[in-house]
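# Secondary and tertiary structure notes
Here are the chains, one letter per residue:
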Amino acid sequence: MDKTEAKQRIEKLKEWLKKWNYEYFVLDRNDISEAARDKIKKELHELEDQFPEFVTPDSPTQRVGSVLSGKFAKIKHLRPKQSLMDCFSNEELEDWEERNQKLVPGEKLDYITEYKLDGLNLSVIYEKGKFHRAITRGDGVYGEDVTHSVRTIPSVPLELREIRGLKLKDYPVIEASGEVIMTIKSFEDLNKREGQVFANPRNAAAGTVRQLDPKVSADRKLDMYFYSIYFEKNSVIPYPESQKEALKLLQDLGLRVNTNFTHHSSLASVEKAMSEVEKKRAKLPYHIDGLVVKVNSRRHQNLLGSTAKAPRWAIAFKFPAEQSTSKVLDIDIQVGRTGALTPVAILEPTLVAGSTVSRATLHNEDEIERKDVRIGDTVIIQKAGDIIPEVMEVLKDLRNGKEKKFKMPKSCPVCGGPIGRPEGEVVSRCKNKNCYAVHQQQLEHFVSRKAFDIDGLGEKVVEQLIENKLIEDAADLFSLQASDLLQLELFKDKKTENLLEALEKSKVILLPRFIFAMGIRHVGEETAELLADHLDLKTKTITLKKSQKKNQLSLFAEESAEEKVEVAEIPELQSALKKLTVDELNGIEGIGEKVAQSIYEWIQDEKNEAYLDKFDRAGVKLLVPAAKKSTKLAGLTFVITGTLPSLSRDQAKELIKQNGGKASSSVSKKTDYVLAGSEPGSKYDDAQKLGVAIIDEKKFLKMINK
Ligand code: IVH
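Calculation rules
Numbering of residues starts from 1 in every chain and runs along the sequence as written. In keeping with the predicted nature of the model, local features appear solely for residues at pLDDT of at least 70, side-chain atom pairs appear and are counted solely at 80 or more, and the whole-chain, interface and lining totals rest on all residues. For the side-chain quantities, the full set of heavy atoms in the structure was used; hydrogens and water were omitted. By definition, any uninterrupted DSSP run of H or I lasting at least four residues is a helix, any uninterrupted run of E lasting at least two residues is a strand, and each is numbered from the N terminus. Note on definitions: a residue-residue contact is assigned when non-hydrogen atoms from the two residues lie within 4.5 Å. One heavy atom within 4 Å of a molecule or strand makes the whole residue count as near it. Any N or O atom pair separated by 3.5 Å or less is treated as a polar contact, with the protein-specific requirement of one donor-capable and one acceptor-capable atom, and with residues adjacent in sequence counted only for side-chain atom pairs. Residue burial considers only the protein chains on display, and all accessible areas are found by Shrake-Rupley using a 1.4 Å probe. We define a nonpolar core as any set of buried Ala, Val, Leu, Ile, Met, Phe, Trp, Tyr and Cys residues linked to one another through side-chain atoms lying within 4.5 Å. Partly exposed residues are those whose accessible area sits between 20% and 50% of the maximum for their type, while under 20% is buried and over 50% is exposed, using a 1.4 Å probe and protein chains only. Ring geometry is summarised as follows: Phe, Tyr and Trp rings, the Trp one being its six-membered ring, pair when their centres sit within 6.5 Å, and such pairs are stacked at plane angles under 30 degrees, edge-to-face over 60 and tilted between the two. By definition here, charges over rings are those cases where NZ of Lys or CZ of Arg is within 6 Å of the ring centre and within 35 degrees of the ring normal. Each helix should span, by expectation, one fewer than its residue count multiplied by 1.5 Å. Think of it as the arc spanned by the lines of direction from the helix axis to the C-beta atoms. Put simply, the grid is 1 Å and covers the protein atoms alone, a cavity is a trapped set of points that fit a 1.4 Å probe, a pocket is an open set with protein on both sides within 12 Å along at least five of seven lines, and lining residues have an atom within 4 Å of a point. Grid points are joined across faces, edges and corners, and a volume is the space filled by probe spheres set on the points. For this classification, Asp, Glu, Lys and Arg are treated as charged, while Ala, Val, Leu, Ile, Met, Phe, Trp, Tyr, Cys and Pro are nonpolar and the rest, including Gly, are polar. Between any two strands, at least two bridges found by DSSP are needed for them to pair. To define axes, lines are fitted to C-alpha atoms, for helices over the stretch in contact only, and angles between the resulting N-to-C directions are given on a 0 to 180 degree scale. Confidence per residue, as judged by the predictor, is encoded in pLDDT with a range of 0 to 100.

### Considerations on the environment of Pro60
Its location among the elements puts Pro60 in the loop between α2 (34–50) and β1 (74–76). It is 8.7 Å that separates the C-alpha atoms of Pro60 and Pro154, two residues lying 94 residues apart in sequence. Setting aside anything within four residues of it in sequence, one finds Pro60 in contact with Lys14, Leu17, Lys41 and Leu44.

### Some words on the site of the ligand
The environment of the ligand is formed by 13 residues, the closest being Glu114, Lys116, Leu117, Glu179 and Lys294. Here Leu117 contributes a backbone N or O atom positioned 3.1 Å from a nitrogen atom of the ligand. In the environment of the ligand, an oxygen atom lies 3.4 Å from a nitrogen or oxygen atom belonging to the side chain of Tyr227. Protein coverage of the free-state accessible area of the ligand, which is 520 Å², stands at 86%.

### Quick notes on the nonpolar core
Of all hydrophobic cores here, the largest spans 60 residues; its most connected members are Phe446, Leu457, Leu465, Leu477, Phe514 and Phe615. Contacts of Leu477, omitting those with residues within four sequence positions, involve Leu443, Phe446, Val447, Leu457, Leu465, Ile471 and Leu503.

### Observations regarding the side chain of Gln243
Here Gln243 shows up in helix α8 (residues 243–252). According to the relative accessible area criterion, Gln243 is buried, its value standing at 6%. Looking at Gln243, its side chain comes within polar contact range of the side chain of Glu114, at 2.6 Å.

### Details of the packing of aromatic side chains
Going through the model one piece at a time under the given rule, you end up with 18 aromatic pairs. Ring geometry for Tyr126 against Phe131: centres 6.1 Å apart, planes inclined by 75°, an arrangement best described as edge-to-face. Residue classification places Tyr126 among the buried positions, given a relative accessible area of 0%. Using a relative accessible area of 10% as the deciding quantity, one classes Phe131 as buried. A connected cluster of aromatic rings, assembled from ring pairs, spans Phe446, Phe452, Phe478, Phe514, Tyr611 and Phe615. Here Arg79 stacks its cationic end above the ring of Tyr230, 4.1 Å away from the centre of that ring. Positioned over the ring face of Tyr225 is Arg256, at 4.2 Å from the centre of the ring.

### Focus on helix α21 (residues 606–618)
The first and last C-alpha atoms of α21 sit 19 Å apart over 13 residues, in line with the 18 Å expected at 1.5 Å per residue. Listed in full, the buried residues belonging to α21 are Asn608, Tyr611, Leu612, Phe615 and Ala618. When α21 is viewed along its axis, its buried side chains cluster within an angular range of 115° and face the same direction. Along α21, exposed side chains directed more than 90 degrees from the buried face belong to Glu606 and Arg617. In the stretch just after α21, Gly619 is the one whose phi turns positive, near 90°.

### Looking at the layout of surface pockets
Any empty space left between atoms is shown by rolling a water-sized probe over those atoms. For the second largest pocket, the calculated volume is near 1500 Å³. Lining the second largest pocket are 40 residues, and of these Lys433, Val438, Gln442, Asp605 and Asn608 lie nearest its centre. In terms of residue count, helix α12 (residues 436–447) provides more of the lining of the second largest pocket than any other element does, 6 residues in total. Within the lining of the second largest pocket, the residues separate by chemical class into 14 nonpolar, 11 polar and 15 charged.

### Here's the deal with the sheet that holds strand β23 (residues 637–641)
Spatially, the 4 strands line up as an open sheet ordered β24-β23-β25-β26, and their pairing is parallel. Strands with a single pairing partner mark the edges of an open sheet, and in this sheet they are β24 (662–664) and β26 (693–695). Mean inter-strand twist for the sheet, computed between neighbouring axes without regard to direction, equals 35°. Of the strand pairs in this sheet, β23 and β24 are connected by 3 bridges, and their pairing is parallel. Across the sheet, residue Val639 finds its bridge partner in β24, namely Ser664. Sitting on the sheet, helix α23 (residues 682–690) touches β23, β25 (673–676) and β26, and the angle it makes with β23 is about 135°.

### Remarks on the confidence of the model for the protein chain
Taken as a whole, the protein chain shows an average pLDDT of 88; of its residues, 95% reach a score of 70 or greater. Taken as a whole, residues 549–560 scores under 50 in pLDDT and shows 39 contacts with residues more than four places along the chain or in a different chain.

### Focus on the sheet that holds strand β8 (residues 223–230)
Pairing within the open sheet is antiparallel, and its 4 strands lie in the order β5-β4-β7-β8. Looking at which strands have only one partner, the edges of the open sheet turn out to be β5 (130–136) and β8. Looking at each pair of strands side by side, their axes are set apart by 30° on average, direction ignored. Sheet topology note: the strand β7 (residues 174–181)/β8 ladder contains 7 bridges and is antiparallel. Bridging across to β8, Val180 finds its partner in Met224.

Structure follows, in C-alpha cells:
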C-alpha cells in the first residue's frame, strides 16, 4: 500500500470506528459484532504503526497515553460544581415541590427523572469539538486534571459529532458533565484479577480515574454517562431550553446518556417511577442509589436558582437507608474541632450498604438517654447515603442484664478540663480553649486539603509539633525554623526543606480558603465563599512567580512563568470583618441567623484579632480573584432597561460581569433576566411578551448578596 492509499484507508477506518462507537454507546445499537470492530481496530493499529505520520490524537488507537508523573494538576472549573439536596420519602419530596412552588407561584412544574448513578462526577471539556480535558469534581471550585485516564474510557468520545450542518471548529467550549461508573461485572472481574482492592464499584471507579498509569485505567474498564451540558449562551449551538433538550443535545453530539430517564407532568408520576425503579434496582448491571428529580424547564430552573450548596431545581430522591444490627462494645467520647463532645458507639464491625461500619454516632447525652443505649446492647444501625452511621434502636429483648449504662464524663476525656453544657443546648463542650484535642483538630483542619493544603503536614507531624511545644496555634507554623523541625522524629534535611518550602508557598492563599481555614463554627467551604464574596477588600497587584504558585493558584494561567494577581493584606480583612453586624451577615443569601451569630462572635473575640495579627506578621496574603469576584450569575444573561434607583448602568453592568454573568443589549429568548428601573423602554414589553423574568435593583442586588 502506498502512502496516499494508506492515508485514505486510515481515514476510512477511523470514520467507521467513530460511527460504530456512536451507534454502540449512544444509540445502544449492536448491529455489528465486537469481534468485527476489534478486527478493524487491529487493522488501523497496524497501518498506523507502518505510517506513524498519519496518527492523529483523536484516533481510537490513541486512548492510552504515557504514565503521569507525580500529582494531578488542579484546574478551576468553568463554573462551580454544585451538589444535590437529598430526600428519602414521598413526604420530603412533596415538601420540596411545595417550597419550589412558592418561588414560582402559578407555574406548572414538570420533571425529568434520571437514575442516580453511584459513581463519581466528572466534567469533560471539548474545545472546537475535540476532547480537551477531564476534571474531577474536587472541592467544587477546583478539580483534578484526570484527562489521561478519562481518555481511555471508550464511552467518552474523542471528538463530538457535527450537528445542524455546523463545523466542529465553530463549536464553543463545551463542558459535558456526568458520572463515571464501573459496572458490577467489571468490578467483580477486577477483584478477581487484582484481589479485593476496592470495597465497592464506586470506590473502584474513583480509584481508577485517579490512576497515574492510563494503561491500568484502560484495563479496569470504566463507563461514563453524561447528564449536563454547559457552554456560552450566544454561540452557534442553541442553548437547551429544558433538561430533556439537554439530554437530546448530548446524544446528538455523540455523548452517551443513560436512557432510563423519563418525563413527568406531576410529582405523583415521579413517586410511581421511584417505586418501580426500587423493584428493578437489583437487576441493573450497575449500582444506583435512587433517582435524581430535575425540574425540566430551564426558565423554571433559573427562576428557582440555587442555595449556597445546591440548585433548588433538582433533588436526589434516594432509596431508603439500609440497616443492620451490631453490638455496642463501648461508648467513646470524640472531641470535635469546636470542643463539642460527641458520644460514639464502638461497634462490632458490620457490613451495611456495602461498607464496614465500626463506629456510629449517638449524637448527644439526651439521645443516649432517650434510646436507652447501654454498653453491651444489640442495636439496629442505619446508614443513609454519605451520612455518618447512626444507632437507631436498641433490641432490649436481647439484653442479658450485664449491659452497662453510660455516664457522660464530668471532665474532658482528653485534657481533663471542665465540661459545660449551656442552658437549652444538647451538646456538651470542653471549656478549656487550649484543650489538646480541640487544638489538634483545629490544626488538622487548618492544614487540610480544602484549607491551607500544606503538603507534608499530616496528623502525625501536627501532633509532634504540639507535643514538643513548637507551635501553639496555626499561625505559629509560619515561624518554624529548620532547627525546630530537625528535632522531630523522621525529619531529615530534605523533608525539612520541603515542608518549609510548602509553608512558604502557601502564604498567598485564596480568600475563601483562608476564611474556611479559620475553623469558625458553622462556617464550611460554601459559607466561607459567600462571606469572601461579600467582603469588598482593597487589593494591590503583585507578581507571583510560577515557582511561588501553589496548586490552588492554577487558576492564574497554568503555562506562564509569572502572573499578576490581586492580593489583600490581613489588616484589610480585619477592618472589613470588624464592620460587619449580625444583621448584615444574616442578610447574605445562604447565611442564616445561627451562622451569622457564630461568625460575629468569632470576629468580636479579641483572641482572634491577635490570631489574625500573627498571620499578618508571618506575611500571609489573601488572594482575591481580580476579574471575576464570584460566579453567582454564571451562565445568566441580563438586559438593563430604565433608570435604576442607585446604580448607574455601567455600575450594574460591571457588577453583572464581576459575578460571572453577561450583560446584553437586546431581549431575546436567551435572556434570563431583565433588570428594570423607572421609565423602562420597549425592552420591558419584549420581556413580558417572551416571558423573561423581570427584576428590580433590589432583587438584583440580593442575587449578588449586596
Ligand atoms: S445532576 C448540581 N444527575 O449525584 C449537581 N447528578 O449527590 C448536578 N449523580 O455530584 C448533578 N447521577 O455525581 C445529576 N443523573 C444524575 C446523577 C447525578 C448521579 C451524582 C453526581 C452528583 C451527586 C450529588
